[in-house]
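Residue-level listing of the chains:
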Amino acid sequence: VQLQASGGGLVQPGGSLRLSCAASGSIFSINGMGWYRQAPGKQRELVALITSGGSTTYGGSVKGRFTISRDNAKNTVNLQMNSLKPEDTAVYYCNALIAPTSTRILNGYWGQGTQVTVSS
């Protein structure tokens, strides 16, 4: 089982980016999926979470600007980021609670991280 994130890059303040993360491998089920970020010199922080039923939770600094969504059929989670600010600059990591077919036990998995840079 692995998570593959994509979609990072350089964007000007006020711009938008869309991150995607796909889970692959022999998967029995996926519970919560989400995004975290880590800026240089700072701890990793929650950006957004979404349950298998579609309930969402957002970190305080991104509420109203970011939208998380998922496609359960494709095992993907997306993060639409609008009105980006320089302080959103960080490495973004996707995370998911996945039960592999072999064990059917939920474990946390992390993607490799994708850099988002907001700068003029």
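Each value, and the rule that gives it
Every chain is numbered independently, its residues counted from 1 as its sequence is written. Per-residue local features of the predicted model are confined to residues with pLDDT of at least 70, and side-chain atom pairs are confined, for both listing and counting, to 80 or more; whole-chain, interface and lining totals are unaffected and use all residues. The side-chain figures draw on all heavy atoms in the structure; neither hydrogens nor water molecules are used. In DSSP terms, a helix is any run of H or I states spanning at least four residues, a strand is any run of E spanning at least two, and both are numbered starting from the N terminus. Both definitions apply: the radius of gyration is a C-alpha atom measure, and the globule rule equals 2.2 Å times residues to the power 0.38. The salt bridge criterion pairs a side-chain nitrogen of Lys or Arg with a carboxyl oxygen of Asp or Glu, the two atoms within 4 Å. We call two residues contacting when some pair of their heavy atoms lies within 4.5 Å. Ring pairs are drawn from Phe, Tyr and Trp, using the six-membered ring of Trp, whenever the two centres fall within 6.5 Å, and their geometry is named by plane angle: stacked under 30 degrees, edge-to-face over 60, tilted for the rest. The rule is simple: take the accessible area with a 1.4 Å probe, protein chains only, and divide by the maximum for that residue type; under 20% is buried, over 50% is exposed, in between is partly exposed.

1. Overview of the overall build of the protein
The number of helices and strands found in the protein is zero helices and 11 strands. Overall, the protein shows an N-to-C arrangement of helices and strands of β-β-β-β-β-β-β-β-β-β-β. Computed over the C-alpha atoms, the radius of gyration of the protein is 14 Å, within 12% of the 14 Å expected from 2.2 N^0.38 for a compact globule of 120 residues. Projected onto the principal axes, the alpha-carbon positions of the protein cover approximately 45 × 25 × 25 Å.

2. What about the pattern of salt bridges?
Per the stated rule, a full pass over the model turns up three salt bridges. In this structure, arginine 37 engages glutamate 45 in a salt bridge whose closest nitrogen and oxygen atoms are separated by 2.6 Å. Salt bridges here are not isolated pairs; linked through shared partners, they connect Arg37, Glu45, Arg65 and Asp88.

3. Describing the side chain of arginine 65
Summarising the element assignment, arginine 65 is placed in the loop between strand S6 (56-58) and strand S7 (66-71). If we ignore the near neighbours within four places in the chain, the residues touching arginine 65 are Gln80, Met81, Asn82, Ser83, Leu84, Lys85 and Asp88.

4. Some thoughts on the packing of aromatic side chains
Within this structure, the stated rule accounts for two aromatic pairs. When the ring of tyrosine 36 is compared with that of tryptophan 110, the centres are 5.2 Å apart and the planes differ by 65 degrees; the resulting orientation is edge-to-face. With tyrosine 36 in strand S4 (residues 27-38) and tryptophan 110 in strand S10 (residues 107-110), this residue pair connects regions lying 74 residues apart in the sequence. Its relative accessible area of 41% is what places tryptophan 110 among the partly exposed residues. Both rings, one in tyrosine 93 and one in tryptophan 110, keep their centres 6.5 Å apart while their planes meet at 85 degrees; by these two values the pair is edge-to-face.

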